[in-house]
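# Observations on chain architecture
The primary structure of each chain is shown beneath.
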Amino acid sequence: MSIIVQKFGGSSVADAERVNRVAGIIADTYRSGHDVVVVVSAQGDTTDDLIEKAMEINPNASKREMDMLLSAGEQISISLLAMAIEKHGLPVKSLLGWQVGVHTDSIYGNARIKTVDTERMTAELSQRNILIVAGFQGINKFDDITTLGRGGSDTSAVALAVALKAEKCQIFTDVDGVYTADPRLVSTAQKQDEVSYNEMLELATLGAQVLHNRSVEMAQKYGIELEVLSSITNQKGTMVKENLTVEKTIIRGVAKDDNITRISIVGLEDVPGVAFKLFDRLAQKHVNVDIILQSVGRDGTKDITFTVSKDQQDVAMEVVTAFDSKAKVSCDNNISKVSIVGSGMETHPNVAAKMFEALYAADINIQMINTSEIRISVLIDINDSKKAVKAVHDAFIK
Ligand code: ADP
Ligand code: ASP
Ligand code: MG
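We now turn to the structure provided with this report. The written sequence of each chain sets the order in which its residues are numbered from 1. The lettering of chains begins at A and the numbering of ligands begins at 1, in the order of writing. Per-residue local features of the predicted model are confined to residues with pLDDT of at least 70, and side-chain atom pairs are confined, for both listing and counting, to 80 or more; whole-chain, interface and lining totals are unaffected and use all residues. Remark: hydrogens and water are excluded; side-chain values derive from all non-hydrogen atoms of the structure.

### A few points about the pattern of salt bridges
- Throughout this description, the term salt bridge denotes a Lys or Arg side-chain nitrogen within 4 Å of a carboxyl oxygen of Asp or Glu. Using the criterion set out here, one finds 17 salt bridges in the structure.
- With its nearest N and O atoms 2.9 Å apart, the salt bridge here joins R120 to E124. You can see R120 and its partner E124 sitting in helix 4 (residues 119–126), four residues apart, about one turn around the helix.
- Ionic pairing is found between E202 and R375, a salt bridge with its closest N-O pair at 3.1 Å. Placement of E202 in helix 6 (residues 197–205) and of R375 in strand 18 (residues 375–381) is noted, with a sequence separation of 173 residues between them.
- One continuous salt-bridge network, built from bridges that share partners, spans R64, E65 and D144. Numbering of helices and strands starts at the N terminus; helices are DSSP runs of H or I of at least 4 residues and strands are runs of E of at least 2.

This is the structure we're talking about:
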């Protein structure tokens, strides 16, 4: 029997009414003759509320204890959803990450899935049980609970779909697909029928939180097509896949990321190996560096500026201040990164100029620019970020 993996995000199971609605979707899928494995996130704002509780007690709590706490949110939602399915008279079991053998590395708070054991799930499915699995969590080699990073339940769903060789992986959320911009920010945003893995990976990495970027990366690696759709409306969603049947568009979407900090080091010695040593030390501390800019050397010195996510600001600053006592270090987190993504831009030379013109017309100053073949990103003042997304979106998408 073919297996369908369905993932429901926090807003889809936020209250009893929504849990009951989701149970109905799952029951219908099961009754249509499929084996169903469901991945669920914590209800509504549960994860944020748990973080707040932890901050009241110890703002410097260890990541291990944070993972122990945050994984509790999903335990509540899986059991409630299983109870709702029991009302349909269907066989169902809720299971935590460790029970379904989601093994991860030991980077607490941002763990990566290494392997998924399918034994337990296969045995349960052969009994025709519906499985409701806690997303966002796994277990490491010390038998400790780990979490996969915010929004990580999407990645749990794709990992189970890969391991179980599922026929389909559906990501149900509170919007009915992937739009040309966050529909809560831009009222003229348009729903896309299809988005390529590469475009979706860029969009997700650049701040379109509709999918966890690692879920897209994994889906692409293993050729799992993802359908992003609403748990509320009954409409067709967006397919995320390799080869699109729709025409390439210059811009597939606009995204913004306010969760970034810019760090500058001025007056570094202009000799070989400086960049290597600096970024190697940052890598040793697991700091993910995003945009990097190095100035042309002058008078024996050079400057390096780079961005990291806000939660890595403190550790990055520690590394950078200890790096060179003669260099001057500064940091700014009142910035936002606004990006456009589209595989069609490869063949259209004027895309950058058009984006910069839209920002100029909106009186927005660009602080840094970064590009790839299918993306252009600018760093701007955080107070301009919403205006910038709208301006750039309207310049490209009619
Ligand atoms: P879930 O709880 O289901 O995982 P998320 O809040 O993580 O849901 O992701 C869904 C949200 O992503 C939407 O409510 C929407 O505001 C936001 N979003 C950002 N960019 C986009 C986009 N390009 N298309 C659709 N939604 C987007
Ligand atoms: N509950 C987790 C979070 O809020 C995981 C997820 O929603 O995917 O980040
Ligand atoms: Mg999410």
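### Observations regarding the layout of surface pockets
- Its volume calculated, the second largest pocket comes out at about 310 Å³.
- Surrounding the second largest pocket, 13 residues form its lining, I113, K114, M218, K221 and Y222 being those nearest its centre.
- Among the elements of the structure, strand 5 (113–116), helix 5 (153–163) and helix 7 (213–222) are those that each provide at least two residues to the lining of the second largest pocket.
- Here the element with the most residues in the lining of the second largest pocket is helix 7; it accounts for five residues.
- Any residue that is not Ala, Val, Leu, Ile, Met, Phe, Trp, Tyr, Cys, Pro, Asp, Glu, Lys or Arg is counted as polar, Gly included; the first ten are nonpolar and the last four charged. The class makeup of the residues in the lining of the second largest pocket is seven nonpolar, one polar and five charged. Cavity means a closed set of points on a 1 Å grid over the protein atoms alone, one where a 1.4 Å probe fits but cannot get out, pocket means an open set with protein on both sides within 12 Å along at least 5 of 7 lines, and lining means a residue has an atom within 4 Å of a point. Grid points are joined across faces, edges and corners, and a volume is the space filled by probe spheres set on the points.

### Overview of the sheet that holds strand 18
- Spatial ordering of the open sheet is given by 14-15-13-16-18-17, a layout of six strands whose pairing is antiparallel. The open sheet has two edge strands, strand 14 (292–294) and strand 17 (368–372), and neither has a second partner. Going from strand to strand, the sheet's axes swing by 25° on average, the running direction of each strand aside.
- Here strand 13 (residues 253–269) pairs with strand 15 (residues 301–309) via eight bridges, running antiparallel. Paired with E269 across the two strands is T301, which belongs to strand 15.
- Contacting strand 13, strand 16 (328–341), strand 17 and strand 18, helix 6 crosses the sheet at an angle of about 65° to strand 13. Being paired, for any two strands, means DSSP has found at least two bridges between them. Lines fitted to the C-alpha atoms define the axes, with helices restricted to the stretch that makes contact. Angles between their N-to-C directions range from 0 to 180 degrees. Here, two residues are considered to be in contact whenever any of their heavy atoms come within 4.5 Å of each other.

### Section: the environment of Q313
- In this fold, Q313 is placed in helix 9 (residues 313–323).
- A C-alpha to C-alpha distance of 8.6 Å links Q313 and R262, two positions 51 residues apart in sequence.
- Here Q313 is in contact with T261, I263, V308, C331 and N333, once residues within four sequence places are set aside.
- In protein, a polar contact means a hydrogen-donor-capable atom and an acceptor-capable atom, both N or O and within 3.5 Å, with residues adjacent in sequence counting only if both atoms are side-chain atoms; elsewhere, any N or O pair within 3.5 Å suffices. Engagement of the side chain of Q313 in a polar contact is seen with the side chain of T261, the distance being 2.9 Å.

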